[in-house]
Each structure stands twice: as C-alpha cells, then as structure tokens.
Amino acid sequence: MQVNIADSWKNILQNEFVKPYFKKLIDFVDIEYKNHECYPKESAIFAAFNFCSFDDLNVVIIGQDPYHNLDQANGLCFSVKDGIKHPPSLKNIFKEISEDLGSDYPESGNLEKWAKQGVLLLNATLTVRAHEAGSHQKQGWEVLTDAVIKLISDKKENVVFLLWGKFAESKSKFIDTNRHIIFTAPHPSPLGAWRGWFGSKHFSKTNTFLKSIHKKEVNW
C-alpha cells in the first residue's frame, strides 16, 4: 500500500510512519487487499487527509469503520459516493441538518464538500474487508488515528470536535479542552438517534463558534 497522503499531513505524521506498528499495519493491509475485497479503494484510504489539509482544519468528526458494502465507502466517515443510497446514520445526519439549519435534505451523500471546507472526517479504522464490519480493527489503524487526534490537539487551537456516540466520546481523552471545544451527542444511527441526536444542533453550534473566532462557517 502506498501512503498516498497530502504533504501537510505527511510532515505532521512522519514520526508515526517509521514506527514498527505502522510497518506491520501496511503489511496487513497489503495482504488483505491482495486476498480479499476491501474498502475503500486503495487510492481513497487517506482521502480524509487529502481533502482536508492540516492547515485548513477547523472541525473534526470521528467515525469508527468504513462502510463495508459495495461502492459505499469513499474514505470519509459517514460519507458515501455520489449516487449511492444514503445509509441510515447519514440519513439521520441530514435530517438533523435540515431541522437545525432550515435547509433542504441533500441529494448526494458525498461529504467531500465538507472536507474541502476544513472538516476532517476521520474514521478510527481506515479500511475494512467487504461485508465484515470491524474486520480491520486492532491492526494498528487506531494507533495512527489516536495519534492524529493528539497531534491536532497539541498543534492546533480552537478546533471543534464533534463526538457522536460512546466510541467517539472515548477519544475525548486525547483532546485538550483548554485549547479546543467538544460537542457530544448520541450516535446518529437509528438505534440511538432518538436518545438526543435529534435536536443536538451541532451544525449551528459549530458555525456559531467558528463565527465567534472569526473563522469561516461551514456550508453544511
């Protein structure tokens, strides 16, 4: 696997890329992609970083795993390729945006437009075997993505972290709340959205905060 990642991130993460765990991870991913159908396609594994540069980053959304069904995953958490039916969690995200901001429900589930505005759409695990949820967990991806969160916390200021669900909330231990702001809510999946995802207003809250520090609001 080629580490196809933008220079702004390569400079920040270069110390991680030479560690033994990362070399083992690369070997694991190479074998998996050679012997099994895996998602996203190899060129999109680091898409979250390539669409959102370190310098432009203002918001972080944390997911767990890429989608594991055909043609869904595009390297950005919660996002699917253009023309793909919206998965249940993404539907609930869009419903909350529509309610929160009074906007229309989007046709496309591709969130590249968010990433290009400085939203890092980071899955904790960046690859998955087709139709096998969680199949690439605990192979090293989480070590890398935890390091990413820590580096953002240490090297940036006034980043908005949107932590949805218990898994994402567990990452708060890596975030300095004296330097950054965290908004938490239940996961937008149908299993938990009724517990407080709807009405959480994270999208307007994020924009209100960004505006207060004279940063450009996100066009959700």
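Residues numbered from 1 in each chain as written. Predicted model: local features only at pLDDT ≥ 70, side-chain atom pairs only at ≥ 80, totals over all residues. Heavy atoms only, no water.

Peer 1: Outline the state of the cysteines, supporting the account with residue identities and numerical values.
Peer 2: In total, this model carries zero disulfides according to the counting rule given. You can see Cys 38 has no disulfide; the closest cysteine sulfur is in Cys 77, sitting 20 Å from it. Taking relative accessible area as the criterion, Cys 38 reaches 7% and is therefore assigned buried. (Disulfide = S-S within 2.5 Å. Buried < 20%, exposed > 50% of the residue type's maximum accessible area, 1.4 Å probe, protein only.)

Peer 1: Can you lay out the sheet that holds strand 6 (residues 181-185) for me, pointing to particular residues and giving the numbers?
Peer 2: Read from one edge to the other, the open sheet built from four strands follows the order 3-2-5-6, with strand pairing classed as parallel. Looking at the sheet topology across the chains shown, the edges are occupied by strand 3 (119-123) and strand 6. Strand-to-strand twist in this sheet, taken as the mean axis angle between neighbours without regard to direction, amounts to 20°. As paired elements, strand 5 (residues 160-164) and strand 6 share five bridges and run parallel to each other. (Pairing = 2+ DSSP bridges. Helix = DSSP H or I, 4+ residues; strand = E, 2+ residues; numbered from the N terminus. Axes fitted to C-alpha atoms, helices over the stretch in contact; angles between N-to-C directions.)

Peer 1: How would you sum up the pattern of salt bridges? Please name residues and give values.
Peer 2: Counted according to the given criterion, the structure contains six salt bridges. Close ionic contact of Lys 81 with Asp 71 constitutes a salt bridge, the shortest N to O distance being 3.5 Å. With Lys 81 in the loop between strand 2 (59-63) and helix 4 (88-101) and Asp 71 in the loop between strand 2 and helix 4, this pair connects stretches of sequence that are ten residues apart. Judged by relative accessible area, which is 28%, Lys 81 ranks as partly exposed. Across the pair Arg 179 and Glu 157 runs a salt bridge, and its minimum N-O distance is 3.9 Å. Placement of Arg 179 in the loop between helix 7 (165-169) and strand 6 and of Glu 157 in the loop between helix 6 (141-155) and strand 5 is noted, with a sequence separation of 22 residues between them. (Salt bridge = Lys/Arg side-chain N within 4 Å of Asp/Glu carboxyl O.)

Peer 1: Pulling in residues and values, what's your account of the side chain of His 202?
Peer 2: Position of His 202 among the secondary structure elements: in helix 8 (residues 202-212). Residue classification places His 202 among the buried residues on the basis of a relative accessible area of 1%. There is a polar contact of 2.9 Å between the side chain of His 202 and the side chain of Trp 164. Discounting residues that sit within four places of it in the chain, His 202 has contacts with Asp 100, Leu 162, Trp 164, Phe 183, Thr 184 and Ala 185. (Polar contact = N/O pair within 3.5 Å; in protein donor to acceptor, adjacent residues only side chain to side chain. Contact = heavy atoms within 4.5 Å.)

Peer 1: Give a detailed account of the environment of Ser 212, specifying residues and quantitative values.
Peer 2: For Ser 212, the position within the fold is in helix 8. Reaching out from Ser 212, the side chain makes a polar contact with the backbone oxygen of Phe 209 at a distance of 2.6 Å.

Peer 1: For the packing of helix 2 (residues 20-35) against helix 6, give the residues involved together with the corresponding values.
Peer 2: Closest axis-to-axis distance for the helix 2/helix 6 pair is 9 Å, and the angle between their directions is 130°. The pairing of helix 2 with helix 6 is recorded here as oblique in orientation. For the pair helix 2 and helix 6, contact is made by Tyr 21, Phe 22, Leu 25 and Val 29 and by Trp 141, Val 143 and Leu 144, respectively. Each residue belonging to the contact of helix 2 with helix 6 can be placed in one class, and the counts come to seven nonpolar, no polar and no charged. (Parallel < 35°, antiparallel > 145°, perpendicular 65-115°, else oblique. Nonpolar A, V, L, I, M, F, W, Y, C, P; charged D, E, K, R; others polar.)

Peer 1: Would you mind going over the nonpolar core in detail, with residue names and values included?
Peer 2: In this structure, Trp 9, Ile 61, Ile 93, Trp 114, Leu 120, Ile 152 and Trp 220 are the most contacted members of the largest nonpolar core, which totals 72 residues. Not counting residues within four places of it along the chain, the set of residues in contact with Ile 152 comprises Trp 9, Phe 54, Leu 57, Val 60, Leu 120, Val 159, Phe 161 and His 180. (Core = buried A, V, L, I, M, F, W, Y, C linked by side-chain atoms within 4.5 Å.)

Peer 1: Just give me the short version of the environment of Gly 75, but keep the residues and values in it.
Peer 2: Looking at the secondary structure, you find Gly 75 in the loop between strand 2 and helix 4. The class for Gly 75 is buried, based on a relative accessible area of 14%. The spatial distance from the C-alpha of Gly 75 to the C-alpha of Lys 41 is 8.3 Å, given a sequence separation of 34 residues.

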